[in-house]
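Structure at a glance
Here's the letter readout for the chains.
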Amino acid sequence: FRIKRSAEKLSVKAVGDEYLDSDTAIVGYNTQQERRKQPLYKIAPGDYIKSVNRAETFNEMVRELHRSAANESELKLSVERELADVLESTRAHWVPPLRPSTSLR
């Protein structure tokens, strides 16, 4: 799991290989999501890190990452992802209902 810094934001740069890095927490979490048939919840490159151990500012998150790496302590990450074109506006494809026929013969 590698982190990328861009404009005071942290994002996931890379995730370890499921076979070579199977003992890491992120790979274990991703494997668990795959088994549950929930691949959308896997941590992936490009995901934004919103908080680390409840720290939400850039400097606090970096400090928490360094602290936990030095002490080999647990990390609690909050991750967010931008999903493109998953949902569409219903108005884009809205068709007015047909008027019922009023002629009776």
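Keep in mind that what you see is a predicted model, and the values were worked out from it rather than measured. Here the residue index of a chain counts from 1 through its sequence in written order. In view of the model being predicted, local features appear only for residues whose pLDDT reaches at least 70, and side-chain atom pairs are presented and counted only at 80 or more, with totals across whole chains, interfaces and linings using the full set of residues. In computing side-chain properties, one takes all heavy atoms of the structure into account and sets aside hydrogens as well as water.

Before going further, it helps to examine the nonpolar core. For the purposes of this section, nonpolar cores are sets of buried Ala, Val, Leu, Ile, Met, Phe, Trp, Tyr and Cys residues that join through side-chain atoms within 4.5 Å. Three labels apply to residues, based on accessible area from a 1.4 Å probe with only protein chains included: buried if under 20% of the type maximum, exposed if over 50%, partly exposed otherwise in between. Grouped together as the largest cluster of nonpolar side chains are 10 residues: L10, V12, I26, I43, I49, V52, A55, F58, M61 and L65. Counting from the N terminus, the helices are DSSP H or I runs at least four residues long and the strands are E runs at least two residues long. Tallying contributions element by element places helix α2 (residues 58-71) first for this core, with 3 residues.

On to a nonpolar patch on the surface, then. In this scheme, patches are assembled from residues that exceed 30% relative accessible area and form no salt bridge. Like charges are connected within 9 Å, while nonpolar side chains (Val, Leu, Ile, Met, Phe, Trp, Tyr) are connected within 5 Å. Working definition of accessibility: Shrake-Rupley area with a 1.4 Å probe, residue cover restricted to the visible protein chains. Criterion for a salt bridge: a side-chain nitrogen of Lys or Arg within 4 Å of a carboxyl oxygen of Asp or Glu. Taken together, the side chains of Y29, L40, Y41 and L83 define a hydrophobic patch exposed on the protein surface, amounting to about 410 Å² of accessible area. Assignment of secondary structure puts Y29 in helix α1 (residues 25-35).

Attention now moves to the environment of V15. Mapping V15 onto the fold places it in the loop between β2 (9-14) and α1. On a C-alpha basis, the gap between V15 and I26 in space is 7.3 Å, while along the polypeptide they are 11 residues apart.

Two rings from Phe, Tyr or Trp (for Trp, the six-membered ring) form a pair when their centres are within 6.5 Å of each other. A pair whose planes differ by under 30 degrees is stacked, one over 60 is edge-to-face, and the rest are tilted. Applying the stated rule across the entire model yields 0 aromatic pairs. We call a charge positioned above a ring when the Lys NZ or Arg CZ atom is no farther than 6 Å from the ring centre and deviates by at most 35 degrees from the ring normal. Residue placement shows K9 over the ring face of Y48; its charged tip is 5.0 Å from the ring centre.

Next up on the list: unusual backbone geometry. Phi at K37 takes a positive value of approximately 60°, unusual for a residue other than glycine. Relative to the elements of secondary structure, K37 occurs in the loop between α1 and β3 (48-52). Residue N53 is not a glycine yet carries a positive backbone phi of 50°. Position of N53 among the secondary structure elements: in the loop between β3 and α2. By relative accessible area, N53 is classed as partly exposed at 22%.

By secondary structure assignment, the location of E64 is in helix α2. E64 sits in the buried class, given a relative accessible area of 18%.

Nothing here speaks to function; it is all geometry.
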